[in-house]
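Remarks on the overall topology
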Amino acid sequence: MKIGLVGLGKMGYQLALNMKSHQIEVVATDVSASQREKIALEGVTTAVSVEALIEALPRPRTIWLMVPSGAIVESIVTRLTTLLDPEDVVIDGGNSMYLDTVRRHDELARKSIRLVDCGTSGGVSGARNGACLMVGGDAAVVERLASLFTAIAREGGYGYVGPAGSGHFVKMVHNGIEYGMMQAIGEGFELLKAGPYDIDFGSLASVWSNGSIIEGLLLKNVRDAFAKDAGLDRIEGRVDDSGEGRWMVEEALRKNVAVPVIAASLFARYKSKDEGKFAEKVVAAMRNEFGGHSVYKKP
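Below or above, wherever it landed, is the structure these notes cover. (Residues numbered from 1 in each chain as written. Predicted model: local features only at pLDDT ≥ 70, side-chain atom pairs only at ≥ 80, totals over all residues. Heavy atoms only, no water.)

This paragraph deals with the pattern of salt bridges. Considering all chains together, one arrives at 14 salt bridges under this definition. Two residues, Glu 74 and Arg 103, come together in a salt bridge whose shortest N-O distance is 2.9 Å. Here Glu 74, found in helix 4 (residues 71-83), pairs with Arg 103, found in helix 5 (residues 98-109); they are 29 residues apart in sequence, far enough to count as distant. Since its relative accessible area comes to 25%, Glu 74 is described here as partly exposed. With its nearest N and O atoms 3.1 Å apart, the salt bridge here joins Arg 223 to Asp 224. (Salt bridge = Lys/Arg side-chain N within 4 Å of Asp/Glu carboxyl O. Helix = DSSP H or I, 4+ residues; strand = E, 2+ residues; numbered from the N terminus. Buried < 20%, exposed > 50% of the residue type's maximum accessible area, 1.4 Å probe, protein only.)

Now for the packing of aromatic side chains. Here the structure, examined in full by the defined rule, presents eight aromatic pairs. Measuring from ring centre to ring centre gives 4.9 Å for Tyr 98 and Phe 169, while their planes differ by 75°; the resulting arrangement is edge-to-face. Residue Tyr 98 is located in helix 5, and its partner Phe 169 is located in helix 9 (residues 166-194); the two are separated by 71 residues in the primary sequence. Through a chain of ring-to-ring contacts, three or more aromatic side chains come together here, namely Phe 189, Phe 201, Trp 208 and Phe 226. Above the ring of Tyr 13, the side-chain terminus of Lys 38 is found at 5.1 Å from the ring centroid. When the ring centre of Tyr 179 is taken as origin, the NZ or CZ atom of Arg 269, which lies over that ring, is 3.6 Å away. (Phe/Tyr/Trp six-rings, centres within 6.5 Å; stacked < 30°, edge-to-face > 60°. Lys NZ or Arg CZ within 6 Å of the ring centre and 35° of its normal.)

Our focus in this paragraph is the pairing of strand 1 (residues 2-6). Most of strand 1 sits inside the fold, with four of its five residues counted as buried. As paired elements, strand 1 and strand 2 (residues 25-29) share five bridges and run parallel to each other. Across the sheet, the residue bridging to Val 6 is Thr 29, located in strand 2. Taken together, strand 1, helix 1 (residues 10-21) and strand 2 constitute a β-α-β crossover, and its handedness is right-handed. (Pairing = 2+ DSSP bridges. Right-handed = clockwise from strand over helix to strand, strands pointing away.)

Set out below in structure tokens:
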């Protein structure tokens, strides 16, 4: 099997090495020449452009996109529409909005080019050593690629979830759940820090990672973070929103489904970037006005 891979960022780079480790021949490209040169040193064949990558692949071609969602995916898919042949397959392994995926699937289908959406989880380690893959698309097309997905996924970690868009829909929900779980863990440690005991956070995270009901990969990540920086003093408490949590809350509103925990975790991420903390200033001012409560003022 020979696969074209577009995008050698943190996930794409490791995914290419994962494929290579499973005797899948990879031709990879990236806008960064240094990334191409770096992975070439690890034995992965590279191409200087998408066009060159396409020329290096046998028909029917399979091209895996591992690039940021939105404008970049849209631009590359638009280019591929003019470059590929009928029955070539494009796999979008990023976090595209599922409605965009459905639209792109239908647009490519008009030229008999196939689009498969692959929700990819497991982080950088999973991309290298065995990912969790949630795949959507035309069943017959996905079946053609089943050996690829099985090879690079963790055992039991690949599943075909339904027609076009379903892979990205499932991944959107997955990431929304992740938002809520991460926020709960963060808030728990916030209370531990404020509590009356001198808790060793790294040691506790290690204990919780071995047999507790809340053990899991996220808690192991917390344990590892505390091992590197016991007080997390080198980390600024700003958490970005990559899009999936927002899309999930918007979808829940459209479907009249209550997701209060995930919505609150999304808003907490927004708040983490509020350097001015203006809402808190308004609350402090109100308390001062109606109750004479003290306020902190800049010198």
